[in-house]
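Fold and geometry: a report
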Amino acid sequence: MTSLESQIEALTTRLREVEEQLAQAQKMEAIGRLTGGIAHDFNNLLTGILGYSSLLKTFLPENGRGYEAAAYIERSARRATELTRQLLAYSRRERPTFRPVNLRKVIGEAIEILSRSANRNVEIHTDIHHPQELVSGDAGALVQALLNLGVNAADAMPGGGHLTFSTTLFVSDGEVYLNDVLVPEGPYVSICVADTGSGIPEEIRGEVFAPFFTTKAPGEGTGLGLSMVYSCVRTHGGFLRLVSSVGVGTTFQILLPVMEEPGDPDDPRADETEVPPGTETVLVVDDEEIPLNLLCDVLRSLGYTTLPAASGEEAIEILRYAPDKVDLVIVDRIMAGMDGIETLARLRAIRPTLRTILCSGTSEAGRTPSGVVPDGFDDFLQKPYERVMLARTVRSVLDARPSNN
Ligand SMILES: Nc1ncnc2c1ncn2[C@@H]1O[C@H](COP(=O)(O)OP(=O)(O)OP(=O)(O)O)[C@@H](O)[C@H]1O
Ligand SMILES: [Mg+2]
């Protein structure tokens, strides 16, 4: 072969590789669009299931079977919510909600689910050091990531074995590399998920994080587990390492930066079980029936008086009629006709000091980055929300000092 021929052949091979990469990228893009597209409807359905199951619990005696069933529906819906959030984060349409996270709780939750679902011969252990360090993150996404690792580990030990979750404090001097990535100086919580399973052969170690890479039989794995773990760790500003030895076992190590200013322990948001009640009047605006009724029902169960409005126009009518009666308005962002933002502007024209919460089923990344409340609103509520979260958000907006506008 002449050198020209071999050059042409090399170029043709390269072209084929690029074509394959492009096809893969287009596939991911299509999945992204698909997940983003169904998210809004799916979230509304989950809002109904999650909201009504937690409401149902409040009607039932706590030790009865009905309560247990409602709690089970609630837990399943919460899982589905987390899964949707993860898929959305994966399709880059949604950023996780960052809050101070207690990793001991996150690990506990993952283990609870695993111990119910995983092979009974898999013994789960924990070794938690430095439990007081908080990281800033999305507890739901982190539970899901640990679950993915735990499920993989259990799958790698069909005949049983040991699965250990451990945490320690890790301080980087700024010269440490994890999987060839430099870990900047500072304190991290290191979480290890270790198994005594089959191990990962060296030749596929570089591929396991790629989306759709799986060694499992069709129908048994989609190959998305580890790519979700990877994207979750990166959105948390963390790092990931894989150590594996065939026949001995596998350890995934995750480093998450320790929060610089740990959350105020007196912040009511820090206590995840307290459901603060209230007696004020809330105007609720949503053009979809289920979320509207649900929000009103939940608020009433907390002691609030509610005024439902099925459109921006209706909300304006109500506020005009009783401007001093309304203490807070919760408005959905996406509505047919007048949307949430315009509704707010018109309501403010009637009462400039009105307290407001914007509610949305999709977080519209970019417009509503995590932790940032959209212009003009006092707070933001991500659907589907839970009763506790709603109660706390409403209470904190109502209790905040009056704004100057
Ligand atoms: N702890 C582990 N021990 C051995 N092999 C593992 C382990 N974790 C992952 N793997 C390998 O990496 C592959 C990719 O894992 P990943 O979680 O991304 O997808 P999956 O488990 O195959 O499918 P899914 O998680 O989407 O159901 C697995 O098919 C398996 O071959
Ligand atoms: Mg998996």
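In what follows, the structure referred to is the one given above.
A brief report on the enclosed structure follows. Computed from a predicted structure; not experimentally measured. For every chain, the first residue of the written sequence is number 1, and numbering continues from 1 onward in sequence order. Labels follow written order: the first chain is A, the first ligand is 1, and so on. For a predicted model such as this one, the threshold for reporting local features is a pLDDT of at least 70, and the threshold for listing and counting side-chain atom pairs is 80 or more; totals across whole chains, interfaces and linings nevertheless cover every residue. Side-chain calculation: all heavy atoms of the structure are included, whereas hydrogens and water are not.

Section: the overall build of the chain
For the record, the criterion: Secondary structure elements follow DSSP: runs of H or I no shorter than four residues count as helices, runs of E no shorter than two count as strands, and numbering proceeds from the N terminus. Only protein chains enter the accessibility calculation, which uses a 1.4 Å probe; a residue is then buried when its area is under 20% of its type maximum, exposed when over 50%, and partly exposed in between. Only the protein chains shown count as cover for residues, and all accessible areas are computed by the Shrake-Rupley method using a 1.4 Å probe.
Across its full length, the chain carries 10 helices and 14 strands. Counting across all 405 residues of the chain, residues that qualify as buried make up 44%. Put simply, the chain shows about 21200 Å² of open surface, and 54% of that area lies on carbon and sulfur atoms.

What about helix H9 (residues 340-350)?
Going by this rule: Along the arc lie the directions from the helix axis toward the C-beta atoms. Contact definition: two residues touch when any of their heavy atoms are within 4.5 Å. Counted as a polar contact is a pair of N or O atoms within 3.5 Å, where, for protein atoms, one must be capable of donating a hydrogen and the other of accepting one, and residues adjacent in sequence contribute only when both atoms are in side chains.
All of the buried residues in H9 are Gly 340, Thr 343, Leu 344, Leu 347 and Arg 348. For H9, the buried positions fall inside an angular range of 135 degrees around the axis, keeping them on one side. Tucked into the core, H9 has its buried residues touching helix H8 (312-321), strand E12 (328-332) and strand E13 (355-360). At the N-terminal end of H9, a side-chain oxygen is found 3.3 Å from the backbone nitrogen of Ile 341, two or three residues along, and the residue is Asp 339.

Description of helix H10 (residues 387-399)
Filter applied, for reference: One less than the residue count of a helix, multiplied by 1.5 Å, gives the span that helix is expected to have.
Compared with an ideal rise of 1.5 Å per residue, which puts 13 residues at 18 Å, H10 spans 18 Å between its outermost C-alpha atoms and is within 8% of the ideal. Extensive coverage of H10 is indicated by the burial of 10 of its 13 residues. Taken residue by residue, H10 has Arg 387, Val 388, Leu 390, Ala 391, Arg 392, Thr 393, Val 394, Arg 395, Val 397 and Leu 398 as its buried positions.

Here's the deal with the site of ligand 1
Basically, it comes down to this: One heavy atom within 4 Å of a molecule or strand is enough for the residue carrying it to be called near that molecule or strand. Each residue gets one label: Ala, Val, Leu, Ile, Met, Phe, Trp, Tyr, Cys and Pro are nonpolar, Asp, Glu, Lys and Arg are charged, and the others, such as Gly, are polar.
Around ligand 1, the structure places 20 residues, and the nearest of them are Asn 152, Thr 214, Thr 215, Lys 216 and Thr 222. A distance of 2.8 Å separates an oxygen atom of ligand 1 from a polar side-chain atom of Asn 152. Between ligand 1 and Lys 216 there is a distance of 2.5 Å, counted from an oxygen atom to a side-chain nitrogen or oxygen. Coverage of ligand 1 by the protein chains reaches 89% of its 600 Å² of free accessible surface. Every element with two or more residues in the shell around ligand 1 is listed here: helix H4 (139-155), helix H6 (225-235) and strand E9 (249-257). Here the shell around ligand 1 is built from residues that sort into eight nonpolar, 10 polar and two charged.

Quick look at the sheet that holds strand E11 (residues 305-309)
Note the cut-off: A strand pair is defined by DSSP finding two or more bridges across the two strands. Lines fitted to C-alpha atoms define the axes here, with helix axes fitted over just the stretch in contact, and angles between the N-to-C directions of these axes take values from 0 to 180 degrees.
In space, the five strands of this open sheet follow the order E11-E10-E12-E13-E14, with parallel pairing throughout. The open sheet has two edge strands, E11 and strand E14 (379-382), and neither has a second partner. Strand-to-strand twist across the sheet, computed as the mean angle between neighbouring axes with direction ignored, equals 20 degrees. Two elements, E12 and E13, share five bridges in a ladder whose sense is parallel. Of the residues in E13, the one forming a bridge with Ile 330 is Ile 357.

A short note on the packing of aromatic side chains
Aromatic rings in a pair are described by how distant their centres are and how their planes are angled relative to each other. Rule in force here: Two aromatic rings from Phe, Tyr or Trp, using only the six-membered ring of Trp, form a pair when their centres are within 6.5 Å; if the ring planes differ by under 30 degrees the pair is stacked, by over 60 it is edge-to-face, and anything between is tilted.
In total, this model carries three aromatic pairs according to the counting rule given. Aromatic pair Tyr 188 and Phe 239: ring centres 6.1 Å apart, planes at 75 degrees, arrangement edge-to-face. Of this pair, Tyr 188 sits in strand E7 (residues 186-195) while Phe 239 sits in strand E8 (residues 239-245), placing them 51 residues apart in sequence.

Things to note about the packing of helix H7 (residues 289-301) against H10
To keep it simple, the criterion reads: We call two directions roughly parallel when the angle between them is under 35 degrees, roughly antiparallel when it is over 145, roughly perpendicular when it lies between 65 and 115, and oblique otherwise.
With their axes 11 Å apart at the nearest point, H7 and H10 run at an angle of 70 degrees to one another. Taken as axis vectors, H7 and H10 run roughly perpendicular relative to one another. Residue-level contacts link Leu 295, Val 298, Leu 299 and Ser 301 of H7 to Arg 387, Leu 390 and Val 394 of H10. Taken together, the residues of the contact of H7 with H10 sort by class into five nonpolar, one polar and one charged.

Overview of the sheet that holds E9
The five strands are arranged E2-E4-E7-E9-E8 in an open sheet whose pairing can be described as mixed. Each end of this open sheet is capped by a strand with a single partner; those strands are strand E2 (122-128) and E8. Between one strand axis and the next, the sheet turns by 15 degrees as a mean value, whatever way the strands run. Of the strands in this sheet, E2, strand E4 (161-172), E7 and E9 touch H4, which is tilted by about 30 degrees from E7.

Regarding the nonpolar core
As a rule of thumb, nonpolar side chains are buried together in soluble globular proteins. This is how the line gets drawn: Among buried residues, those of type Ala, Val, Leu, Ile, Met, Phe, Trp, Tyr and Cys that are joined through side-chain atoms within 4.5 Å constitute a nonpolar core.
Core analysis: the largest hydrophobic core is formed by 40 residues, its most contacted members being Leu 103, Leu 142, Leu 146, Leu 163, Phe 165, Ile 191 and Ile 254. Of the residues forming this core, the biggest block, nine residues, is contributed by H4. Setting aside residues up to four positions removed in sequence, Phe 165 forms contacts with Ile 107, Ile 111, Leu 114, Ile 124, His 125, Thr 126, Asp 127, Leu 146, Cys 192 and Val 193. Of all hydrophobic cores here, the second largest spans 22 residues; its members include Leu 292, Val 298, Tyr 304 and Leu 328.

Side note on the pattern of salt bridges
Keep this limit in mind: Think of a salt bridge as a Lys or Arg side-chain nitrogen and an Asp or Glu carboxyl oxygen that are within 4 Å of each other.
By the definition in use, this model includes 11 salt bridges. As a salt-bridge pair, Glu 280 and Arg 395 come within 2.9 Å of each other at their nearest N and O atoms. Here Arg 395 lies in helix H10 and Glu 280 lies in the loop between E9 and strand E10 (281-285), a separation of 115 residues in the sequence. In this structure, Glu 280 and Arg 395 share a single accessibility class: buried. When the shortest N-O distance is used, the salt bridge between Glu 342 and Arg 346 registers 3.8 Å. Of the two residues, Glu 342 and Arg 346 both sit in helix H9, four residues apart, roughly one turn of that helix. When salt bridges that share partners are traced, they join Lys 57, Glu 74, Arg 78 and Glu 386 into one network.

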